[in-house]
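Notes for the structure review
The residues making up each chain are set out below.
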Amino acid sequence: MKLEKLELEKFTLNEILPGIWRIDPQGKMRVGVHVVASKELILRIKDDKSLEQATHVTTLPGVIDPVLTMPDIHQGYGFPIGGVAAFHEKTGVVSPGGVGYDINCGVRLLKTNLTEEQLVKYKLTKTLVGELFDIIPCGVGSRRKDLQLSLEQLNTLLVEGASWAINNGFGERSELEFIEEKGCLSYADPNQVSERAKERGHNQIGTLGSGNHFLEIQSVDTIFDPTVAQAFGLEKGQVLIMIHTGSRGLGYQVCSEYIDLGLNCADKFGIDLVDKELAALPLQSQEGKNYLGAMAAAANFAFTNRQIISFWVKSIFKNHFPELKTEVLYDICHNIAKWEEFHFKNNRNSQRVCVHRKGATRAYPPGHPSLPAKYQTTGQPVIVPGDMGRFSYLLAGSPHSMELSFGSACHGAGRELSRTQAKKRAKGRAIQRELEDRGIFLKASGRDTVVEEMPEAYKDITEVVESIRHAHIASFVAKLKPLGVIKG
């Protein structure tokens, strides 16, 4: 296959492998950028600042070649959304903006023993959507009245993560095996989380939030790899539930405060910021360690949040289907900075690095020691939500993912339109009715969210995941179609 060259106004991209393009270092760049995308997807982002933001990330101390962008890339805060960057343990930095405001925003996929045919037969999809909307608070500032934690309880939760939920009756201990890091980052330090952050979070556990967060009833539409699908426990027509939420106000507050700290400490640590949104702290500094402790605590909050929501989802379904069986297929985060081990060329020993994934999903290969025994031969399940009117995909990490992308893949479709543009596009339309005419039942807390999250606001998910497959980062397992959605 002939590799191409793409000349944009600011950058030259050389295709170094099928579907992977390189921007070589120039100016203050310390390393290069690898863009994982089709030519068509690259041309559609050439006028925003996402590629420029990726080159800015390469100027940070201790960054490892290359910084990567995924095919769902779009402009973010400092780092582009869809960005991946790894930093040396001794010389590198951690950037709160490189994790994002919604720390451990992530996705959980539940599989059931129900079929789409059963939901249709009993005309239950719309009923279930309404009942889920009633029991799971969603929308801006949403909180629970029935689960408000004391400071002592919250501090314990921030240390224990999803185990806290299990210990308090929200699920089964066997579920922890199928959560990234078993639902707990061990370096969490609640002492580094401010009182204000804890105040914002103490009554938001078990809530969905707003914006692009959702809970979706789905069915398996297409199976691409029967062997891997069987290992994942999937069949055509099977009902699944996808939950997309994160650390709510607590995570937002942690990010905001540590961005300010990074800006205030830039001169102290001699960090030359080409963009103030890239505020960063040396990994070996006390300030950097404090941020990692606070970030990990917020990540544990998010793992617990999805665990508790899962418990309530099961209770609603079980009211209608007493013989219901549900299992966690996988739970994965896509806004995080984590210590991970990698082998680099010309180095026999693995190296501990801090990997930032902002709008990017871990995609570990078969045989990776972090994976559950059940997925050792398949590779890690990679959950990629689409939009509420089209499809989502389930992929499996490829044997090449570690060398190609620090074991990372895309996290979703990625926005095509800004929220303002989406509102203009939706003028005069009844988006909710359009979806229902296609058999997709939607319940949302307000019209603004519906129009901002309209299907056309996002890239075509099939085009996005095809870029990941083409680059040999992950392989297709199944395509999932939406049946019912709740949004804040």
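Structure shown above.
Remember, predicted model here, so these are calculated numbers, not experimental data.

1. Structural notes on helix H2 (residues 50-57)
Within H2, seven of the eight residues are buried, leaving the element largely enclosed by the surrounding structure. Listed in full, the buried residues belonging to H2 are Ser 50, Leu 51, Gln 53, Ala 54, Thr 55, His 56 and Val 57. Packed against the buried residues of H2 are strand S4 (33-36), strand S5 (67-74) and strand S6 (81-88).

2. Focus: the packing of helix H5 (residues 125-135) against helix H11 (residues 286-320)
Helix packing for two helices is described by the angle between their axes and how far apart those axes are. Orientation of H5 relative to H11, taken along the N-to-C sense of each, is 140°, at an axis distance of 10 Å. Judged by the angle between their axes, H5 and H11 are oblique. Read as a crossing pair, H5 and H11 show a hand that is right-handed. Between H5 and H11, the residues in contact are Thr 127, Leu 128, Glu 131, Leu 132 and Ile 135 and Trp 312, Val 313, Ser 315, Ile 316, Phe 317 and His 320, respectively.

3. Examining the environment of Glu 403
Assignment of secondary structure puts Glu 403 in helix H12 (residues 401-405). What makes Glu 403 exposed here is its relative accessible area of 64%. C-alpha separation for the pair Glu 403 and Phe 344, spaced 59 residues apart in sequence, amounts to 8.0 Å.

4. Digging into the state of the cysteines
Across all of its chains, the model carries zero disulfides by this definition. For the unlinked cysteine Cys 105, the closest cysteine sulfur is that of Cys 333, found at 9.8 Å. Taking relative accessible area as the criterion, Cys 105 reaches 5% and is therefore assigned buried. Distance from the sulfur of Cys 265, which forms no disulfide, to the nearest cysteine sulfur (Cys 255) is 15 Å. Cys 265 sits in the buried class, given a relative accessible area of 8%.

5. A word on the packing of aromatic side chains
Taken as a whole, this structure holds 14 aromatic pairs when the rule is applied. When the ring of Tyr 77 is compared with that of Tyr 101, the centres are 5.6 Å apart and the planes differ by 80°; the resulting orientation is edge-to-face. Within this pair, whereas Tyr 77 is found in the loop between S5 and S6, its partner Tyr 101 is found in the loop between helix H3 (96-99) and strand S8 (106-115), the two being separated by 24 residues in sequence. Look at Tyr 101 and you get partly exposed, because its relative accessible area is 24%. Each residue in the set Phe 178, Phe 232, Tyr 330 and Tyr 375 is aromatic and connected to the rest through ring pairs, giving one cluster. Across from the ring centre of Phe 391, 4.2 Å away, lies the NZ or CZ of Lys 479, which sits over that ring.

6. Comments concerning the pattern of salt bridges
Per the stated rule, a full pass over the model turns up 33 salt bridges. Glu 7 is the partner of Lys 5 in a salt bridge, and the nearest nitrogen-oxygen pair spans 3.9 Å. For the pair shown, Lys 5 and Glu 7 are each scored as exposed. Residues Arg 419 and Glu 453 are paired through a salt bridge, measuring 2.9 Å at the closest nitrogen-oxygen approach. With Arg 419 in helix H13 (residues 419-426) and Glu 453 in the loop between helix H15 (447-452) and helix H16 (461-470), this residue pair connects regions lying 34 residues apart in the sequence. The class of Arg 419 is partly exposed, set by a relative accessible area of 33%. Among the residues examined, Glu 453 registers a relative accessible area of 4% and is labelled buried. Each of Glu 180, Glu 181, Lys 338, Glu 340, Arg 357 and Arg 362 takes part in salt bridges that share partners, so that together they form one network.

7. Some remarks on the sheet that holds S4
Sheet architecture is open: eight strands sit in the order S1-S2-S3-S4-S5-S6-S14-S13, paired in mixed fashion. Unpaired on one side and paired on the other, strand S1 (5-7) and strand S13 (335-342) mark the two borders of the sheet. Put simply, the sheet's adjacent strands are angled 25° from each other on average, direction ignored. Packed onto the sheet, H16 meets S4 and S5 and runs at close to 155° relative to S5.

Conventions we followed
Residues numbered from 1 in each chain as written. Predicted model: local features only at pLDDT ≥ 70, side-chain atom pairs only at ≥ 80, totals over all residues. Heavy atoms only, no water. Buried < 20%, exposed > 50% of the residue type's maximum accessible area, 1.4 Å probe, protein only. Helix = DSSP H or I, 4+ residues; strand = E, 2+ residues; numbered from the N terminus. Contact = heavy atoms within 4.5 Å. Axes fitted to C-alpha atoms, helices over the stretch in contact; angles between N-to-C directions. Parallel < 35°, antiparallel > 145°, perpendicular 65-115°, else oblique. Left-handed = near helix turned anticlockwise from the far one by under 90°. Disulfide = S-S within 2.5 Å. Phe/Tyr/Trp six-rings, centres within 6.5 Å; stacked < 30°, edge-to-face > 60°. Lys NZ or Arg CZ within 6 Å of the ring centre and 35° of its normal. Salt bridge = Lys/Arg side-chain N within 4 Å of Asp/Glu carboxyl O. Pairing = 2+ DSSP bridges.

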